[in-house]
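Residues per chain, in single letters:
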Amino acid sequence: MHEKCGVVGISLEDRSAARPLYYSLYALQHRGQESAGIVTHDGFQQHSHVEMGLVGDAFDQTDLEQLNGPQGIGHVRYPTSGSVDNSCAQPFSVSFKSGSLGLSHNGNLVNTEELRDQLAEQGHAFTSDGDTEVIAHDLARNLLEEDLIRAVKHTMARIHGSYALTIMHDDTVMGVRDPQGNRPLCIGELDDGYVLASESAAIDTLDGELVRDVKPGELVVLHDDGSGYDTYQLVKTENTAHCFFEHVYFARPDSVIDEELVYEVRRELGRKLWDENGIDSDVVMPVPDSGRSFASGYAEAANEDPNAEGVEFAEGLMKNRYVGRTFIMPTQSERERAVRMKLNPIKSTVEGKTVTLIDDSIVRGTTSTQLVELMRDAGAEEVHVRIGAPPIIAPCYMGIDMASREELIAADQSIEEICEEIQADSLSYLSIDSVAEALSESRTDLCLGCVTGEYPYDIDGEATDRDVDRPGIDTATPADD
Ligand code: AMP
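Report on the accompanying structure. (Residues numbered from 1 in each chain as written. Predicted model: local features only at pLDDT ≥ 70, side-chain atom pairs only at ≥ 80, totals over all residues. Heavy atoms only, no water.)

A separate point is the overall build of the protein chain. For the protein chain, the helix and strand inventory stands at 16 helices and 26 strands. In terms of overall size, the protein chain behaves like a compact globule, its C-alpha atoms giving a radius of gyration of 23 Å where 481 residues would be expected to give roughly 23 Å. With the C-alpha coordinates aligned to their principal axes, the bounding extent of the protein chain is approximately 70 × 50 × 40 Å. For the protein chain, the proportion of its 481 residues judged to be buried stands at 59%. For the protein chain, restricting intrachain contacts to residue pairs at least 6 apart in sequence, the fraction spanning at least 24 positions comes to 70%. Per element, the accessible surface of the protein chain, about 19000 Å² overall, is 45% carbon and sulfur. Across the protein chain, the 38 positively charged side chains and the 88 negatively charged ones have centroids separated by 2 Å. (Helix = DSSP H or I, 4+ residues; strand = E, 2+ residues; numbered from the N terminus. Rg over C-alpha atoms; globule rule 2.2 N^0.38 Å. Buried < 20%, exposed > 50% of the residue type's maximum accessible area, 1.4 Å probe, protein only. Contact = heavy atoms within 4.5 Å. Areas by Shrake-Rupley, 256 points an atom, 1.4 Å probe, with all protein chains shown as cover. Lys, Arg positive; Asp, Glu negative; His and termini not counted. Charge placed at Lys NZ, Arg CZ, Asp CG, Glu CD.)

Further remarks concern the environment of Thr367. Within the secondary structure layout, Thr367 lies in helix H13 (residues 366–377). Residues Thr367 and Asp289, spaced 78 residues apart in sequence, show a C-alpha to C-alpha distance of 13 Å. Leaving out residues up to four positions away in the same chain, Thr367 has contacts with Val287, Val339 and Asp359.

What follows concerns the packing of helix H9 (residues 262–277) against helix H10 (residues 291–304). Packed helices, taken two at a time, are described by the angle between their axes plus the distance between the axes. Look at H9 against H10: their axes get within 7 Å of each other, and the N-to-C directions meet at 45 degrees. As judged from the angle between their axes, H9 and H10 are oblique. Every pair of crossing elements has a handedness; the one defined by H9 and H10 is right-handed. Contacts between H9 and H10 pair Tyr263, Arg266, Arg267, Leu269, Gly270, Arg271, Leu273, Trp274 and Asn277 from the former with Ser293, Phe294, Ser296, Gly297, Tyr298, Glu300, Ala301, Ala302 and Glu304 from the latter. By residue class, the composition of the contact of H9 with H10 is eight nonpolar, five polar and five charged. (Axes fitted to C-alpha atoms, helices over the stretch in contact; angles between N-to-C directions. Parallel < 35°, antiparallel > 145°, perpendicular 65-115°, else oblique. Left-handed = near helix turned anticlockwise from the far one by under 90°. Nonpolar A, V, L, I, M, F, W, Y, C, P; charged D, E, K, R; others polar.)

Turning next to the side chain of Thr132. With respect to the secondary-structure elements, Thr132 resides in helix H5 (residues 131–143). A polar contact of 2.8 Å, which involves the side chain of Thr132, links it to the side chain of Gln90. (Polar contact = N/O pair within 3.5 Å; in protein donor to acceptor, adjacent residues only side chain to side chain.)

Further remarks concern the state of the cysteines. Scanning the model with the defined rule gives zero disulfides in all. No disulfide involves Cys186; its nearest neighbouring cysteine sulfur is the one of Cys243, lying 15 Å away. Cys450 carries a free sulfur, and the closest cysteine sulfur to it, the one in Cys396, is 6.4 Å from it. For Cys450, a relative accessible area of 8% gives the class buried. (Disulfide = S-S within 2.5 Å.)

Take a look at the structure:
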């Protein structure tokens, strides 16, 4: 199960949280288009509305009016490559002996099976095969015996993998980030309350102020009157494992993640791409949308370079914004057709010119192959491809639906071979060191699994890039609780 999602949690003084949650989910729509959901609490009981589809389709006026209460959490879920299954739509909610629980999860646990088996043996019944339900049951079990903070801490000691969670226990809204901070989560302040969200763009949408990122291993508990929040550093680790792909592809350019504005990072990646492997050409053209900031940085660096001839930055590929994501098309031929439906060149910017196409990443190679062909058909003399990330050689186990190893074009081919396959005149990627520099992080604080094949978490059958301290699931109660 690969879940790449958006989460939000809100606690307000005395206004309904439903609309602010709904607007936040709109702002996080790029993080998941398969399902959308909101769970609120009115001081007495939970109200829940979870539907398949886009945020705008999942809720109508009546749904929002029924979601009573000034506290709530929300979720948008990323489409998985397999079947569309509403048993995994979130927030997940349960009622149990010591109250109600709602959970929104972004990330992916790597010891789900182990935990599920153990909980099932203790009598817990599961309705889905997702990892979020496992976290919910574990937490519910702990809450029977201990207070909220200890319960979360003990669940954190047992779950292993990546997670940014918003949790609602009765009317208390909380946010927690895994000990290595793989997935983003930040805190925002509103006029009459506080918000936790995957990306700061959601806070901007609510006219709020970004306070800061939630720290890796930190629990943030919002006051139930919207007056503030308390924080608890429940787990401390030496190194982080921030996902570099958030800045490269996934997040909105207007979001600040781990103190770095995504737009500026992408421009810097583009500048470094020129420094490392720039090539003179008539035009530089982004693959919309994510390639734009890379291409503007690349073109800027090219035009500042005294040894270069100067280049024109051109928006030569038009995108049909009503076509869904090509990535989730089940067959290769459908994916190829979808690229053609989505992107169309503006002939006058291409004809008779040497063109450099800039994209953030190559996964299967479908997009690049199609675009190089499109450029040639539109009369380009040469087509060079520059990619603002290193070659993706291995799958992501931490929550990005990337593709299986067999599907990754760079898994077992050299850059020259890939260049030949996509039929470009030249192809270059960016180095891992430049990615780390652009993110102002050291390599040891990033999760680089998909570009090195070595992961910061202990994954069966895969290599690790550090000493991972995998929590044993039988040591549920650390002595220092
Ligand atoms: P591909 O055509 O398989 O090589 O995919 C590369 C294109 O998909 C690039 O234009 C990327 O912007 C985009 N992309 C990269 N990673 C993902 C992802 N995890 N989900 C959806 N699209 C992606």
